[in-house]
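# Structural characterization, general
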Amino acid sequence: MYVASVRAGKRVKGRVPGTVVALGAVSLLTDVSAEMVTAFMPVYLLFTLNMGYAQFGVLDGLYTGATAVLRLVGGHVSDRTHRHKAVAAVGYGLSAVTKLIFPLVGASAFGIGATMAADRAGKGLRTAPRDALISLATPPDRLGAAFGLHRSMDTVGALLGPLVTFLLLYSIGTVAGPVFVVSACFAVVGLIVLVAFVRENPRPAPTGPPPSLKAGLALLRQAGYRRVTIAAALLGLATLSDAFVFILVQKATDAPLHLLPLFPLGTALVFLLAAAPLGRLADRIGRWPVFLGGHVLLLGVYVLLLGTGTGYVGVGAALLLHGLFYAATDGVLSARVSALVPESLRASGLSVVQTGQALARLVSSVAFGFLLQFAAFGTAVYAAIGSLVMAVLVAWRLNALADTAAAE
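Each chain carries its own residue numbering, running from 1 in the direction its sequence is written. Under the rules for a predicted model, residues below a pLDDT of 70 receive no local features and side-chain atom pairs below 80 are neither given nor counted, while totals for whole chains, interfaces and linings still include all residues. Side-chain metrics rest on all non-hydrogen atoms present in the structure, leaving aside hydrogens and water.

## Observations regarding the overall build of the protein chain
A tally of regular secondary structure across the protein chain gives 15 helices and 0 strands. Taking all 408 residues of the protein chain together, 56% fall into the buried category. In what follows, a contact means two residues having at least one pair of non-hydrogen atoms within 4.5 Å. The contacts in the protein chain between residues at least 6 apart in sequence include a share of 86% that link residues at least 24 apart. With an accessible surface of roughly 15,700 Å², the protein chain has 70% of that area assigned to carbon and sulfur atoms. For helices the rule is a DSSP run of H or I covering at least 4 residues; for strands it is a run of E covering at least 2, with both sets numbered from the N terminus onward. Burial status follows relative accessibility: with a 1.4 Å probe on protein chains alone, a residue under 20% of its type maximum counts as buried, one over 50% as exposed, and anything between as partly exposed. All accessibility values rest on the Shrake-Rupley procedure with a 1.4 Å probe; residue burial counts only the protein chains present in the view.

## Things to note about the packing of helix 11 (residues 263–285) against helix 12 (residues 287–304)
In contact at an axis separation of 7 Å, helix 11 and helix 12 are set at 135 degrees when each is read in the N-to-C sense. Comparing the axis directions of helix 11 and helix 12 gives the class oblique. Contact with helix 11, carried on its side by Leu278, Leu281, Ala282, Asp283 and Ile285, involves Arg287, Pro289 and Val290 of helix 12 and no other residues of that element. Partitioning the contact of helix 11 with helix 12 into residue classes produces 6 nonpolar, no polar and 2 charged. Angular values range over 0 to 180 degrees, each being the angle between N-to-C directions of two axes fitted as lines to C-alpha atoms, with helices fitted over their stretch in contact. Roughly parallel means an angle under 35 degrees; roughly antiparallel, over 145; roughly perpendicular, 65 to 115; everything else is oblique. Charged residues are taken to be Asp, Glu, Lys and Arg, nonpolar residues to be Ala, Val, Leu, Ile, Met, Phe, Trp, Tyr, Cys and Pro, and polar residues to be all remaining types, Gly included.

## Looking at the pattern of salt bridges
Definition used for salt bridges: Asp or Glu carboxyl oxygen within 4 Å of a side-chain nitrogen of Lys or Arg. Applying the stated rule across the entire model yields 5 salt bridges. The salt bridge involving Asp119 is made with Lys99; its shortest N-O contact spans 3.1 Å. Highlighted residues: Asp119 in helix 5 (residues 109–136) and Lys99 in helix 4 (residues 84–105), separated in sequence by 20 residues. Each of the two residues, Asp119 as well as Lys99, counts as buried. Arg287 serves as the salt-bridge partner of Asp283, at 2.7 Å between the closest nitrogen and oxygen. The class for Arg287 is buried, based on a relative accessible area of 14%. One network of salt bridges, in which partners are shared, links Arg130, Asp131, Arg151 and Asp330.

## Topic: the environment of Ser387
Looking at the element boundaries, Ser387 is found in helix 15 (residues 377–407). Considered as a pair, Ser387 and Leu234 are 153 residues apart in the sequence and their alpha carbons are 9.3 Å apart.

## Regarding the confidence of the model for the protein chain
The quantity called pLDDT is the predictor's confidence in a given residue, expressed from 0 to 100. Of the residues in the protein chain, 88% have a pLDDT of 70 or more, and the chain-wide mean is 81. Throughout residues 1–13 the model reports pLDDT below 50, and contacts reaching past four residues in sequence, or to other chains, amount to 35 contacts.

## Brief notes about the side chain of Ser152
Its location among the elements puts Ser152 in helix 6 (residues 143–172). Ignoring sequence-local partners within four residues, the contact set of Ser152 consists of Leu272, Ala275 and Ala276.

## As for helix 7 (residues 176–197)
Between the first and last residue of a helix there are one fewer steps than residues, each counted as 1.5 Å, and that sum is the expected span. Between its first and last C-alpha, helix 7 extends 32 Å over 22 residues, near the 32 Å set by a 1.5 Å rise per residue. Of the positions making up helix 7, those classed as buried are Ala176, Val179, Phe180, Ser183, Ala184, Ala187, Gly190, Val193 and Leu194.

## Section: unusual backbone geometry
In the Ramachandran plot, His82 falls in the positive-phi region, its phi being about 55 degrees despite a non-glycine side chain. Its relative accessible area of 10% is what places His82 among the buried residues. The backbone of Asp254 shows a phi angle near 60 degrees, a positive value even though the residue is not glycine. Note that Asp254 resides in the loop between helix 10 (242–253) and helix 11. Taking the relative accessible area as the measure of exposure, Asp254 reaches 59% and is therefore exposed.

## Quick notes on the packing of aromatic side chains
Stacked, tilted and edge-to-face pairs are distinguished by plane angle, under 30 degrees for stacked and over 60 for edge-to-face with tilted covering the rest, among Phe, Tyr and Trp rings (Trp via its six-membered ring) whose centres lie within 6.5 Å. Scanning the entire structure with this criterion turns up 5 aromatic pairs. Ring centres of Phe244 and Phe368 lie 5.3 Å apart, and the angle between their planes is 75 degrees; on these two criteria the pair is classed as edge-to-face. With Phe244 in helix 10 and Phe368 in helix 14 (residues 346–374), this pair connects stretches of sequence that are 124 residues apart. Judged by relative accessible area, which is 5%, Phe368 ranks as buried. For the pair Phe325 and Tyr326, a centre-to-centre distance of 4.9 Å together with 55 degrees between the ring planes defines the contact as tilted. Aromatic ring contacts, followed pair by pair, group Phe271, Phe325 and Tyr326 into a single cluster.

## Thoughts on the packing of helix 10 against helix 13 (residues 311–338)
Orientation of helix 10 relative to helix 13, taken along the N-to-C sense of each, is 160 degrees, at an axis distance of 9 Å. Looking at the two axes, helix 10 sits roughly antiparallel to helix 13. By crossing handedness, the relation of helix 10 to helix 13 is classed as right-handed. Facing helix 10, whose interface residues are Asp242, Val245, Phe246, Val249 and Thr253, helix 13 presents Gly311, Gly314, Val315, Ala318, Leu319, His322 and Tyr326. Split into classes, the residues belonging to the contact of helix 10 with helix 13 amount to 7 nonpolar, 4 polar and 1 charged. For any helix crossing, the convention is left-handed if the near helix is rotated counterclockwise from the far helix by under a right angle, and right-handed if that rotation is clockwise.

## Quick word on the side chain of Thr127
Counting through the fold element by element, Thr127 comes out in helix 5. Residues adjacent in sequence count toward polar contacts only when both atoms are side-chain atoms; beyond that, a polar contact is any pair of N or O atoms within 3.5 Å, and within protein one must be able to donate a hydrogen and the other to accept it. At 2.6 Å, the side chain of Thr127 and the backbone oxygen of Lys123 are in polar contact. Other than its neighbours up to four places away in sequence, Thr127 contacts Arg71 and Gln354.

This is the structure in structure tokens:
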């Protein structure tokens, strides 16, 4: 097993480095852009273009899973060249351009799907290099706090994005063009901040195998890393996409449809408040217990869907648990993986785990879309509950085996 090394003379202990804060600002602006589109898509596809749940599930799966292969590419290229910032900039730029393409494809399901895939491809390219920049600038004992701060700043953007969309829809109605143009503007500003203010770390002294795609995949030979990767993929397979969670919450609670674009705002607010404290908690008590605990909270969201007609109380409870789920899992998993991977393969190691998650969530969205289309609402929810319970139990067992092996 590899453990991230610390070059104390080049890192500041006891506080989060400036690189993390700058990347948090980039993610804040980019998430305003991304969450504007995320909040708009369910209304646009299901209620404006009248798509069925199965068709929506395929498009949502593309939106989630199109990042998969390019996560590996982004991680490998950034490790190979040690140009994490440059590779991340390409990803941020690609996502910015796609926002201007959305209005041009109109109601074409193929055009919308291809554009969504290109948008998420940009996310796939940038995620591992960005997380590598964070982990390489931060001492290992502060990784949870650093990723927690970054995710908190990212979530400020997730708060503002749905709010901007809601205000635009309230002012001009369900018109796609202005939403996508404003989204593109935020994305471009985020790219400018990345180029101007994020500093690349100096090329590190070799601490592991030379970067290559084969070396990145070879990390799976390590028992601890392999178990984390498998567990993360299984949990991803049992995790419903945000879009489906918000749609199901609206249906189960009978909340007014026009409030649907605001649901991500509730999740993001809880995430904002809880990400940094839960990141610090993960540094103290262990990242894997916090990560699994987050999925137990998600299970609570699914159970709440069985109580129909609960109104605003049900919406509030579901969004509270959903936000806590993200706070306990998103940055915590990256912190956990970073501690298992050498610096020379940091982005590659992160990208392998993220790719497994992305592919699993693609399958999840497509499968659940068809299930919701052709089965009863309750049946679909019970299937989601059962799959998540099994995934949590398997992930807990894998971690217990890893702890036993480490003790021996």
